[in-house]
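Observations on chain architecture
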Amino acid sequence: MVLVTGATGYIATHIIKVLQEVGGYRIRATARSVDNNQRLEALKSALRKYGDLPEFVAADLLKPETWERYGSNERQ
C-alpha cells in the first residue's frame, strides 16, 4: 500500500500516474474533498487507462485520527 497525500496537487498527480504506469501497487490517495472535485475527476479520467483506480479518500491530515484511519494498510 502506498499512501499519496494531496492527490490533486501537481507533484502527487504525477506520482500517482507513475505508480499506475509501473503497476503492482495498491494506492490510497488523499484529497481535501472527493465530492464534486473537478481536478480529482480529471485525474481519474487520465488513470482509467491503467485499469483499477486508486482508492481516493477525503482526509484532513491535521487530525491525528486521519492518520490512524488512512495510514494503515487496511481497505477503508
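The structure reproduced in this document is the subject of the present report. (Residues numbered from 1 in each chain as written. Predicted model: local features only at pLDDT ≥ 70, side-chain atom pairs only at ≥ 80, totals over all residues. Heavy atoms only, no water.)

1. Looking at the overall build of the chain
Counting secondary structure elements, the chain contains three helices and three strands. In terms of overall dimensions, the chain is globule-like: its C-alpha atoms have a radius of gyration of 12 Å, near the 11 Å expected for 76 residues. Dimensions of the chain, computed from C-alpha atoms along their principal axes, come out at roughly 35 × 25 × 20 Å. Buried residues in the chain amount to 33% of all 76 residues. Relative to all contacts within the chain whose residues are 6 or more apart in sequence, the contacts with residues 24 or more apart total 64%. Distance between charge centroids for the chain: 5 Å, based on 11 positive and 9 negative side chains. (Helix = DSSP H or I, 4+ residues; strand = E, 2+ residues; numbered from the N terminus. Rg over C-alpha atoms; globule rule 2.2 N^0.38 Å. Buried < 20%, exposed > 50% of the residue type's maximum accessible area, 1.4 Å probe, protein only. Contact = heavy atoms within 4.5 Å. Lys, Arg positive; Asp, Glu negative; His and termini not counted. Charge placed at Lys NZ, Arg CZ, Asp CG, Glu CD.)

2. Concerning the side chain of glutamate 55
Mapped onto the secondary structure, glutamate 55 falls in strand β3 (residues 55-58). There is a polar contact of 3.1 Å between the side chain of glutamate 55 and the side chain of arginine 28. (Polar contact = N/O pair within 3.5 Å; in protein donor to acceptor, adjacent residues only side chain to side chain.)

3. Considerations on the packing of helix α1 (residues 10-22) against helix α2 (residues 38-47)
At a minimum axis distance of 11 Å, the contact between α1 and α2 shows a crossing angle of 20 degrees. If you check the angle between α1 and α2, you find them roughly parallel. With respect to the hand of their crossing, α1 and α2 are arranged in right-handed fashion. Every residue of α2 that contacts α1 at Tyr10, Thr13, Ile16, Lys17 and Gln20 is listed here: Arg39, Leu43, Ala46 and Leu47. Split into classes, the residues belonging to the contact of α1 with α2 amount to five nonpolar, two polar and two charged. (Axes fitted to C-alpha atoms, helices over the stretch in contact; angles between N-to-C directions. Parallel < 35°, antiparallel > 145°, perpendicular 65-115°, else oblique. Left-handed = near helix turned anticlockwise from the far one by under 90°. Nonpolar A, V, L, I, M, F, W, Y, C, P; charged D, E, K, R; others polar.)

4. Focus on the pairing of strand β2 (residues 27-31)
Across the five residues that make up β2, a large majority, five, are buried. With burial as the criterion, each face of β2 is covered, one bearing Ile27, Ala29 and Ala31 and the other bearing Arg28 and Thr30. Across three bridges, the pairing between strand β1 (residues 2-4) and β2 is parallel. What sits directly across from valine 4, in β2, is alanine 29. The β-α-β motif built from β1, the intervening α1 and the parallel element β2 has right-handed crossover chirality. Where β2 meets β3, four bridges bridge the pair, whose relative direction is parallel. Along β3, the bridge assignment pairs arginine 28 with glutamate 55. (Pairing = 2+ DSSP bridges. Right-handed = clockwise from strand over helix to strand, strands pointing away.)

These values are about where atoms sit, not about what they do.
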